[in-house]
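# Coordinates in review
Okay, here's what each chain looks like letter by letter:
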Amino acid sequence: MTAVPNHRLIDAKVPRYTSYPTAPHFHDGITSDTVRSWIEAVPADEPISLYLHVPFCDRLCWFCACHTKQTLRYAPVADYLTTLHREIAMLGRHLAGKGIVRTIHLGGGSPTMIRPVDLRTLFRQLHTGFTIAADASVSIEIDPNDMDDARLDALAEIGTTRASLGIQDFDPRIQKAINREQSFATTQRVTEGLRTRGIGSINVDLLYGLPHQTLTTLGETIGLSLSLRPDRIATFGYAHVPWFKKHQTMIDETALPGPDERLEQAKSAAALVQSAGYQPIGIDHFALPTDSLAIAARHGLLARNFQGYTDDRCETLIGLGPSSISRFRQGYAQNCPSTATYGRLIEADSLPIGRGVSLSEDDVMRGWVIEHLMCDFRFSTDALRTRFGETAEPLLREARLLAQASPHFIAHDDGFSIAAGSHMFARSLAAQFDSYLNSGRARHSAAI
């Protein structure tokens, strides 16, 4: 392996590694019949995570790369919820009482578009279709502009334990450039409303690399965010992928920070958040030391899934709604992204699977290494050999070659690690173990 220069790590266009293989390598060979057999093979006492996708927003943020559509009418949302209830019932029949739901996450889109009465009905349907643990965690992504007292009350009634507030940036010029106007006062009011109702864990999502963003504006946004004292803070790099999301063409590319500026913004954001007493988690998350995510990281129990870094260790994750992705021990399955197609399949009593991938032993092994590098910045040779036996030897040879080629990747007697000070390169270094990366036509966002 030839030497890996720094500029390649900084400029690299690589996956975020919330799965392995990553979604661009899913294919239509995984069908509803395939996934039905995976569901029916779930053990009786299997811990399960549920992800419910709400594919609607009442405004379209130009930076967003999620599967969503804008609507100013509630009728499409109400119709969708009826279909979602049917999917819940269908999955419940296939599980036949097996599995115990430990976590529920609502994402989007904007789940807080759902009216309070419909949110309560949705959770009654979930409790009918699945066996849900009494202490299950319930998290939801919030657009603060959607929130009122009735919605805050409903979140408390359904048992919400964690709320994730999208902020991105508080600077008015930057907000206008990304079509995301949201005042600090609104965000503060919603934060206080959540805490008043006993929703004890709050995290905020910030972005760097946005148009017109500077170290000064980023610092001001972080200062305001820290004044809310959230339990977790995520500082994501804006993923500019206009070939994938056409509405991103509305963003002026000439106003975007370059690679070196993005790197400085990432470093500055991390330093500011850590100086306020937050523990770094992986490449872009931070948490108060008492938060469950920080505790998991300290004990080597951090995991990574489609919601990012998590303390959720469930191996089975069932996604509901269009475009949502499920993970089973046998492989990944993604629902079709089209809301209309999704609805027709559910109406025909068919699982709405669009594509997926079965996992080979090599996939599982490489996924294990990539997840450890993304979460812990290291992996143990003994642990790899214990789990995978002799099949681990070729991958260990790859690791030794990478350690010889890059000063950012270090070989130790008991394993390998990403060098201190080089953790920001974790995506690029993890990509060196991705056997799919150079196959197909997948395009990715900048690593930093």
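Residues numbered from 1 in each chain as written. Predicted model: local features only at pLDDT ≥ 70, side-chain atom pairs only at ≥ 80, totals over all residues. Heavy atoms only, no water.

Note the cis peptide between Tyr20 and Pro21, where omega equals -5 degrees. For Pro21, the location among the structural elements is in the loop between helix H1 (6-11) and helix H2 (32-40). The peptide bond linking Gly108 to Gly109 adopts the cis configuration, its omega dihedral lying at 15 degrees. In this fold, Gly109 is placed in the loop between strand E4 (100-108) and helix H4 (116-129). A positive phi is found at Arg229, a non-glycine position, where the angle reads about 50 degrees. Tracing the backbone shows Arg229 in the loop between helix H8 (215-227) and strand E8 (232-237). Here the phi dihedral of Asp349 falls at roughly 60 degrees; this positive angle occurs in a residue that is not glycine. By secondary structure assignment, the location of Asp349 is in the loop between helix H11 (339-347) and strand E16 (353-358). (Helix = DSSP H or I, 4+ residues; strand = E, 2+ residues; numbered from the N terminus.)

Here the focus is helix H13 (residues 381-388). Buried within H13 are the following residues: Thr381, Leu384 and Phe388. Around the axis of H13, the buried residues are gathered within 65 degrees of arc, so they sit on the same side. Exposed and oriented more than 90 degrees from the buried face of H13 are Asp382, Thr386 and Arg387. Packed against the buried residues of H13 are helix H12 (361-376), strand E17 (378-380), helix H14 (393-405) and strand E19 (415-418). For H13, the capping residue at the N-terminal end is Ser380, with a side-chain oxygen 3.3 Å from the backbone nitrogen of Asp382. A positive phi of about 65 degrees marks Gly389, the residue just after H13. (Buried < 20%, exposed > 50% of the residue type's maximum accessible area, 1.4 Å probe, protein only. Arc of directions from axis to C-beta. Contact = heavy atoms within 4.5 Å. Polar contact = N/O pair within 3.5 Å; in protein donor to acceptor, adjacent residues only side chain to side chain.)

Leu50, Ile104 and Leu194 are the most contacted members of the largest nonpolar core, which has 71 residues in total. Broken down by element, this core gets its largest block of residues, 8 residues, from helix H3 (residues 75-95). Among the nonpolar cores identified, the runner-up in size contains 36 residues, and Trp368, Val369, Leu429 and Ala430 belong to it. (Core = buried A, V, L, I, M, F, W, Y, C linked by side-chain atoms within 4.5 Å.)

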